[in-house]
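# Fold and geometry: a report
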Amino acid sequence: MSSKLDFIRPKNLNEARILSWFTYKNPDYFAQDSKIPGLNIGFNSDESQGVLLHNINVLSQEIGTKISDIALAEQIHGSHIELISKGGVYPNTDGFVSNKPGMALAIQVADCGAVLFGDSKNKVIGAAHAGWRGAVDKIVPKTIEKMLELGADIKHIQVFVSPCIAIHNFEVGDEVASQFPDELVDRKSYSKPHLNLKGLIQLQLQKLGIPSRNINIDSRCTIDHENLFYSYRREKKKSGRMVAVIKLSKLK
């Protein structure tokens, strides 16, 4: 389908059996009556339900998937993971796994990392919302564990980590920094500690045995690119949310 909207299409998670997307901010798109410009899919953003529903409809058309086949999470920075067999809105959820053909899993982010997983050989997909709280609470390993229970193979899982806050912008207090491995905390370059969130996600993936060649991490920082990405740290309540989507196709 031709489109004026722009998406990231992860190379390692787009083939015949698995498809994936990550929405750019698309600042030139503006839904009628919306407060926040761009393709905002954020349930917890300062936007009306009507506008959000319209934007989700636009997204469903762009990805060729019925809304009834899209699972959306009401995220709480936790590590609860749902096994998905039908679409809908799932409260208190920050991760999904599924082996049902036709299902699409969607994760909303501004500065947090969205992590997409796919094993095309064994027909299993997953998606996780990984901010610092979720990452520390091991949402990425927990999602992979759920995928393995569905028959995925660690050597066949491909992973995409979305643009998210980078270390040079991720200033925190000591109480947060103490929860990260020392090698992923910069205590020397700045007046306060800075965290490497992408580094923690990558470290967890490698410790689980995901081959390095299967890991695709977008190096861009959401805070640095105002025209490309929403950022809660930059825009506060005026920030919308991008969405990462992974879909298991109905091919046999």
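Per chain, residue numbering runs from 1 following the sequence as it is written. Note on the predicted model: pLDDT of at least 70 is required for a residue's local features to be given, and 80 or more for side-chain atom pairs to be given and counted; whole-chain, interface and lining totals, by contrast, use all residues. Each side-chain value is derived from all of the structure's non-hydrogen atoms; neither hydrogens nor water enter the calculation.

### Examining the overall build of the chain
Every helix listed is a DSSP run of H or I at least four residues long, and every strand listed is a run of E at least two residues long, numbered separately from the N terminus. In terms of regular secondary structure, the chain is built from six helices and 14 strands. In this treatment the radius of gyration is a C-alpha quantity, and the globule benchmark scales as 2.2 Å times the residue count to the 0.38 power. Taking 18 Å as the expected radius of gyration for a compact globule of 252 residues, we find that the chain reaches 17 Å, a close match to that expectation. Its C-alpha atoms give the chain principal-axis dimensions of about 50 × 45 × 30 Å. Each residue gets one of three labels from its accessible area relative to the maximum for its type: buried under 20%, exposed over 50%, partly exposed in between, using a 1.4 Å probe on protein chains only. Counting all 252 residues of the chain, 55% fall into the buried class. Of the roughly 11500 Å² that the chain leaves accessible, carbon and sulfur atoms contribute 49%. One way to put it: in the chain the 32 positive side-chain charges average out to a point 5 Å from where the 27 negative ones average out. To be clear on the numbers: accessible area is Shrake-Rupley with a 1.4 Å probe, and residue cover counts the displayed protein chains and nothing else. For this count, His and the chain ends are skipped, Lys and Arg are scored as positive, and Asp and Glu as negative. Here the site of a charge means NZ on Lys, CZ on Arg, CG on Asp, or CD on Glu.

### Description of the pattern of salt bridges
Within this document, salt bridges are pairs made up of a side-chain nitrogen of Lys or Arg and a carboxyl oxygen of Asp or Glu, the two lying within 4 Å of each other. Under the counting rule described, the total for this entry stands at six salt bridges. Salt-bridge contacts for Glu235 lead to Lys25; the nearest nitrogen and oxygen are separated by 2.9 Å. Taken together, the residues Glu235 in helix H6 (residues 232-235) and Lys25 in the loop between strand S2 (18-23) and helix H1 (49-62) connect sequence positions 210 residues apart. For the pair Glu235 and Lys25, one class covers both residues: buried. Where Asp174 meets Arg187, a salt bridge forms, and the shortest distance between an N and an O atom there is 3.3 Å. In this pair, Asp174 sits in helix H4 (residues 174-177) while Arg187 sits in the loop between strand S11 (185-186) and strand S12 (194-195), placing the two residues 13 residues apart along the sequence. Relative accessible area serves as the criterion here: at 44%, Arg187 is assigned to the partly exposed category. Connected through salt bridges with shared partners, the residues Lys25, Arg234 and Glu235 form a single ionic network.

### Focus on the sheet that holds strand S5 (residues 88-91)
Taken in spatial order, the six strands of this open sheet run S1-S2-S14-S7-S3-S5, and their pairing is mixed. Two strands lie at the open edges of the sheet, namely strand S1 (7-8) and S5, each paired on one side alone. DSSP calls a pair of strands paired once it identifies at least 2 bridges connecting them.

### Quick look at the packing of aromatic side chains
Working definition: rings of Phe, Tyr and Trp (its six-membered ring) pair if their centres are within 6.5 Å, and the pair is stacked with planes under 30 degrees apart, edge-to-face with planes over 60 apart, and tilted otherwise. If you walk through the whole model with that rule in mind, you get two aromatic pairs. Here Tyr24 and Phe229 contribute two aromatic rings whose centre-to-centre distance is 5.7 Å and whose plane-to-plane angle is 25°, an arrangement assigned as stacked. Note that Tyr24 is positioned in the loop between S2 and H1 and Phe229 in the loop between strand S13 (215-217) and H6, a separation of 205 residues in sequence. Neither Tyr24 nor Phe229 differs from the other in exposure class; each is buried. Seen in terms of ring centroids, Tyr90 and Phe96 are 5.6 Å apart; in terms of plane orientation they differ by 75°. Their pairing is edge-to-face.

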